[in-house]
Amino acid sequence: MRVLILGGTSEANLLAASVAAAGHDAIYSYAGRTQVPVNQPLPTRVGGFGGADGLADAIRQEGFTHVVDATHPFATEISRHAVVACATTATPLVALERKPWIKTLDDIWIEVADIASAVAALPEKPARIFLAIGRQHIAPFAMRPQHAYTLRFIDAAGGPLPLPDADLIVSRGPFTLAGELDLMRARRIEWIVARNSGGVGARAKIDAARELGLPVVMITRPELPERLRVESVAEVMHWLGHRACLGA
Ligand code: 3Y8
Ligand code: NAP
């Protein structure tokens, strides 16, 4: 058995620890989005495969017998490529995917389908807005230059920010409730923009917004292709162990 883990999330990191502890032959794969990704207890590769065909070639050339898609719910490209490449190469695929956050009665959410709708959902009147969506999706907010933005990236911006009034926080997370409350109070945040990533590593800001009674513009998850999905590392380990004992 030789496992390819498509990683880049907290859940993928927990899986890597279990797979390494079980002594399985596995490779952890990062896209290479960040400058210094977290070290893994498995051999690691960094960078794209070159589309679904490139991933299929890698599966054949590296002799992977199983693929675990433990990427982020918004990482739709790689997940689509994994479905195609595993079908093409008849390689078993399972997705390790965390549940979305569910709105509670005390949450003030404006749910939108995408970034453009999130921009449109912001108030006209100038406000203080926390964009907790990484660096890849900031440019569209230039349509609303009247706001004072607080941005949070994993790595330094490496160039001018596309917004006239923006402060940048460089921080990798996982984040804590106390830390998010301090940040929102210190920066007098009035609105938060977030993606429904689910999981625990990103949810502190949602809990802090609820505690402070702040509205959250919540970007709902994109559609992902049909594939076997589980929500726990234990289920992935069972899936791997089960097949290993059948010698698949
Ligand atoms: C490169 C791997 C761990 C894993 C840490 C989780 C928790 C902290 C919360 C906010 C939201 C955001 C962002 C975020 C979180 C964890 C987890 C999580 C959100 C790393 C990582 C990689 C990435 C890629 C990065 C994206 C960006 C998204 C920042 C490593 C740290 C906003 C997701 O600057 C860039 O270009 C990076 C962009 C893709 C989303 C985006 O679309 O812009 N993640 N995040 C992975 C790779 O190269 O394959 O560097 O070690 C993983 C983590 N990010 O326990 O150490 O939930 O997994 N990551 C979002 O929308 O929620 C931050 O600021 O509140
Ligand atoms: P994406 O849009 O789905 O993928 C864009 C391209 O990046 C893919 O087509 C692929 O390139 C490459 N890629 C993505 N993930 C990869 C991986 N694990 N290994 C190798 N190549 C990968 O993905 P994204 O939204 O940019 O996210 C990139 C990475 O950051 C993913 O690993 C994802 O898990 C992680 N991420 C984490 C969080 C979080 O909150 N933890 C949030 C967002 C993203 P090719 O087509 O060349 O193969």
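To be clear, the structure that these remarks concern was listed above.
Residues numbered from 1 in each chain as written. Chains lettered and ligands numbered in written order. Predicted model: local features only at pLDDT ≥ 70, side-chain atom pairs only at ≥ 80, totals over all residues. Heavy atoms only, no water.

Within the open sheet, the 6 strands sit side by side as 6-11-10-7-8-9. Their pairing is parallel. Pairing within the sheet leaves two strands with one partner each, and these edge strands are strand 6 (108-112) and strand 9 (166-170). Across the sheet, the mean angle separating the axes of adjacent strands is 20° when strand polarity is ignored. Of the pairings in the sheet, the one linking strand 6 to strand 11 (residues 215-219) comprises 5 bridges and is parallel in character. If you follow I108 over to strand 11, its bridge partner there is P215. (Pairing = 2+ DSSP bridges. Helix = DSSP H or I, 4+ residues; strand = E, 2+ residues; numbered from the N terminus. Axes fitted to C-alpha atoms, helices over the stretch in contact; angles between N-to-C directions.)

So, about the site of ligand 1. Around ligand 1, a shell composed of 30 residues is seen, among which A31, T34, R152, R172 and S197 lie nearest. A31 has a polar backbone atom sitting 2.6 Å from an oxygen atom of ligand 1. Take R33: an N or O atom from its main chain is 2.9 Å from an oxygen atom of ligand 1. Its free accessible area being 1100 Å², ligand 1 has 92% of it covered by the protein chains. When its residues are assigned to classes, the shell around ligand 1 shows 10 nonpolar, 13 polar and 7 charged. (Near = heavy atom within 4 Å. Polar contact = N/O pair within 3.5 Å; in protein donor to acceptor, adjacent residues only side chain to side chain. Areas by Shrake-Rupley, 256 points an atom, 1.4 Å probe, with all protein chains shown as cover. Nonpolar A, V, L, I, M, F, W, Y, C, P; charged D, E, K, R; others polar.)

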